[in-house]
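Architecture and fold: a report
The chain contents come next:
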Amino acid sequence: MESGRQVANFGAGPAKLPRSVLLEAQKELVDYKGLGISVLEMSHRTSDFTKILNTAENLVRELLNVPENYKVLFLQGGGSAQFSAVPLNLIGLKEGRNADYVITGAWSAKAAKEAEKYAKVNIVHPKLGAYTNIPDPSTWNLNPDASYVYYCANETVHGVEFDFVPDVKGAVLVCDMSSNFLSRPVDVSKFGVIFAGAQKNVGCAGVTVVIVREDLLGFALKECPIVLDYKTQAVNGSLYNTPPCYSIYIMGLVLEWIKNNGGAAAMDKLSLIKSQMIYDIIDKSNGFYVCPVEKKNRSRMNVPFRIGSTKGDEALEKKFLEKAVELNMISLKGHRSVGGIRASLYNAVTVEDVQKLATFMRSFLQMHQS
């Protein structure tokens, strides 16, 4: 069934899924592989679901070359649950209960605030006036007694992305990769823990991937809720309690799609092409479009910008969003905390989608530039 309105979805998450994945899920919805039931009805204790779970895990391992001494978990609660799970599982690694946090946007700030419930949090750099850049790592004040160092690889709200893995001098490195997971190759061996909500680059809402090094298991505080305990989840193969079965199934389909389309390296290449298309228009607009982020720290995933001036012209931005919807381009409104416009260009967003947006941005510029 290919009919219906075709839209370009630039949502920040939940976000666009590959059309082929949606059609496959539609085809299998009522009768999964001749079993006569839907995955939505399937017991998580069956061999059929075990296959779905194993497929998803094996694809994560294959696409990221995950070393054997790492566990891959499929958990619930989104990235936000991991803001608690990380300190609850890792703060006990050292007696002092210290943790280092790099704060480059809204999500790392939230993570640090949550960690303060369980840890002495050290922000490794002076507080930023605005989230428009990544402080030079040579200026970071890392605490040698910290149990771990935490950062967010891509800040969805502010459009700030690390294009490097911080050198933390052998400390346990923890990374929230929710919004750029599998959008580029990553050396997993540099990390103690990687986590990512699936609903941006690798699936739908409901499942969070956690990749954790085995030697970090078993240090959870006694107050740690059992569903957040990495060791409990690892020992039980993510089946301690009922997992988000359908979300894991969808994620498996998306991972298969990523693999068939060239893997993380191909996603990276496309991400650069797509984001460059929009940044080029912004940079050549003589200040009509303004991206506040320093060029070297701009995100390939989320492109935030204002229209008309640095602070944004509300009337112009409203007109831009309304016209975009008329042209079947949706979810371009900036995050409620910052306003403006934001184009999210995750893996499933096509080059054609972005070309459509670029063409509209050019015509809007010509129409309104004084």
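Before reading on, note that the structure itself is shown above.
Now for a description of the structure that goes with this document. (Residues numbered from 1 in each chain as written. Predicted model: local features only at pLDDT ≥ 70, side-chain atom pairs only at ≥ 80, totals over all residues. Heavy atoms only, no water.)

1. Side note on the overall build of the protein chain
Defined as follows: Secondary structure elements are taken from DSSP: a helix is a run of H or I of four residues or more, a strand is a run of E of two residues or more, and numbering for both begins at the N terminus. It is over C-alpha atoms that the radius of gyration is taken, and the globule rule equals 2.2 Å times the number of residues to the power 0.38. The classification of residues rests on relative accessible area computed with a 1.4 Å probe and restricted to protein chains. Under 20% of the type maximum is buried, over 50% is exposed, and intermediate values are partly exposed.
Secondary structure assignment for the protein chain yields nine helices and 14 strands. Since a compact globule built from 370 residues should have a radius of gyration of about 21 Å, the 21 Å found for the protein chain is in line with a globular shape. Its C-alpha atoms give the protein chain principal-axis dimensions of roughly 65 × 60 × 30 Å. For the protein chain, buried positions account for 55% of its 370 residues.

2. A few points about a nonpolar patch on the surface
Filter applied, for reference: Patch definition: residues above 30% relative accessible area lacking any salt bridge, with like charges linked at up to 9 Å and the nonpolar side chains Val, Leu, Ile, Met, Phe, Trp and Tyr linked at up to 5 Å. To measure how exposed things are, a 1.4 Å probe is used in the Shrake-Rupley method; for residues, cover is taken only from the protein chains shown. We define a salt bridge as a contact between a side-chain nitrogen of Lys or Arg and a carboxyl oxygen of Asp or Glu at a distance within 4 Å.
On the surface, a cluster of nonpolar side chains totalling about 300 Å² of accessible area is made up of L29, V30 and L40. Within the fold, L40 resides in the loop between helix 1 (19-28) and helix 2 (47-64). Looking at L40, the relative accessible area reads 58%, which means it is exposed.

3. Thoughts on empty space enclosed by the protein
What counts, and what does not: In the cavity and pocket records, a cavity denotes points on a 1 Å grid over the protein atoms alone where a 1.4 Å probe fits but cannot get out, a pocket denotes an open set with protein on both sides within 12 Å along at least 5 of 7 lines, and lining residues are residues with an atom within 4 Å of a point. Grid points are joined across faces, edges and corners, and a volume is the space filled by probe spheres set on the points. Asp, Glu, Lys and Arg are counted as charged, while Ala, Val, Leu, Ile, Met, Phe, Trp, Tyr, Cys and Pro are counted as nonpolar; the rest, among them Gly, fall into the polar class.
The full count for this structure, using the stated rule, is one cavity of 30 Å³ or more. Along the walls of the largest cavity sit K16, L17, P18, K200, N201, V202, G203, V254, W257, N347 and A348, which together make up its complete lining. Of the residues belonging to the lining of the largest cavity, the class tally is six nonpolar, three polar and two charged.

4. Structural notes on the layout of surface pockets
The space that makes up the largest pocket amounts to roughly 410 Å³. Elements with a minimum of two residues in the lining of the largest pocket: helix 3 (78-90) and helix 4 (106-115). By residue class, the composition of the lining of the largest pocket is seven nonpolar, 12 polar and five charged.

5. Observations regarding unusual backbone geometry
Omega for the bond connecting G13 with P14 falls within 30 degrees of zero, at -5 degrees, which places this linkage in the cis form. Tracing the chain through its elements places P14 in the loop between strand 1 (8-9) and helix 1. Phi is positive for N328, which is not a glycine, with a value near 65 degrees. Note on placement: N328 falls in the loop between helix 8 (314-326) and strand 13 (329-330). For S331, which is not glycine, the phi dihedral falls at a positive 60 degrees. Looking at the secondary structure, you find S331 in the loop between strand 13 and strand 14 (341-344).

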